[in-house]
Amino acid sequence: MMSHAAYVVASYAVAAATVAGLILWVLTDGRARRRELQQLEAAGIRRRSAAGPAGGANDGR
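Conventions and cut-offs
- Residues numbered from 1 in each chain as written.
- Predicted model: local features only at pLDDT ≥ 70, side-chain atom pairs only at ≥ 80, totals over all residues.
- Heavy atoms only, no water.
- Helix = DSSP H or I, 4+ residues; strand = E, 2+ residues; numbered from the N terminus.
- Buried < 20%, exposed > 50% of the residue type's maximum accessible area, 1.4 Å probe, protein only.
- Areas by Shrake-Rupley, 256 points an atom, 1.4 Å probe, with all protein chains shown as cover.
- Salt bridge = Lys/Arg side-chain N within 4 Å of Asp/Glu carboxyl O.
- Expected span 1.5 Å × (residues − 1).
- Patch = residues over 30% accessible without salt bridge, like charges linked within 9 Å, V, L, I, M, F, W, Y side chains within 5 Å.
- Polar contact = N/O pair within 3.5 Å; in protein donor to acceptor, adjacent residues only side chain to side chain.

Draft legend 1. Spotlight on the overall build of the protein chain. From N to C terminus, the protein chain includes one helix and zero strands. In the protein chain, which comprises 61 residues, the proportion classed as buried is 2%. For the protein chain, the computed accessible surface area is about 5,800 Å², with 64% contributed by carbon and sulfur atoms.

This is the structure:
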């Protein structure tokens, strides 16, 4: 009978590569979002949540 070790090893390798790719994607995307926020804040654009509860009108969202 044929051994299925190659199939199992290949499956684990694909799963590990997928997880590693997702982790890399999340890390790089988080850095990009942080960089965008820094650029917006440097341009004087602030987050609505930074103003606090009395910081503006509530539009019902």
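Draft legend 2. Layout of the pattern of salt bridges. For the structure shown, the criterion picks out two salt bridges. For aspartate 29, the salt bridge goes to arginine 33, with nearest N and O atoms at 2.8 Å. Placement of both aspartate 29 and arginine 33 in helix H1 (residues 5-42) is noted, with a separation of four residues, approximately one turn of the helix. Owing to a relative accessible area of 31%, aspartate 29 belongs among the partly exposed residues under this scheme. Of the residues examined, arginine 33 reaches a relative accessible area of 37% and is grouped as partly exposed. Among the salt bridges present, the one from glutamate 36 reaches arginine 33, with a minimum N-O distance of 2.5 Å. With glutamate 36 and arginine 33 both in helix H1 and three residues apart, the pair spans about one turn of that helix.

Draft legend 3. Layout of H1. When the terminal C-alpha atoms of H1 are compared, their 55 Å separation across 38 residues agrees well with the 56 Å that a helix rising 1.5 Å per residue should span. Remark: glycine 44 follows H1 within two positions and exhibits a positive phi of approximately 95°.

Draft legend 4. Quick peek at a nonpolar patch on the surface. A cluster of nonpolar side chains, contributed by Tyr7, Val8 and Tyr12, occupies part of the molecular surface with about 390 Å² of accessible area. Among the secondary structure elements, tyrosine 7 is positioned in helix H1.

Draft legend 5. Molecular detail of the environment of threonine 18. You can see threonine 18 is positioned in helix H1. A polar contact is formed between the side chain of threonine 18 and the backbone oxygen of valine 14, at a distance of 2.8 Å.

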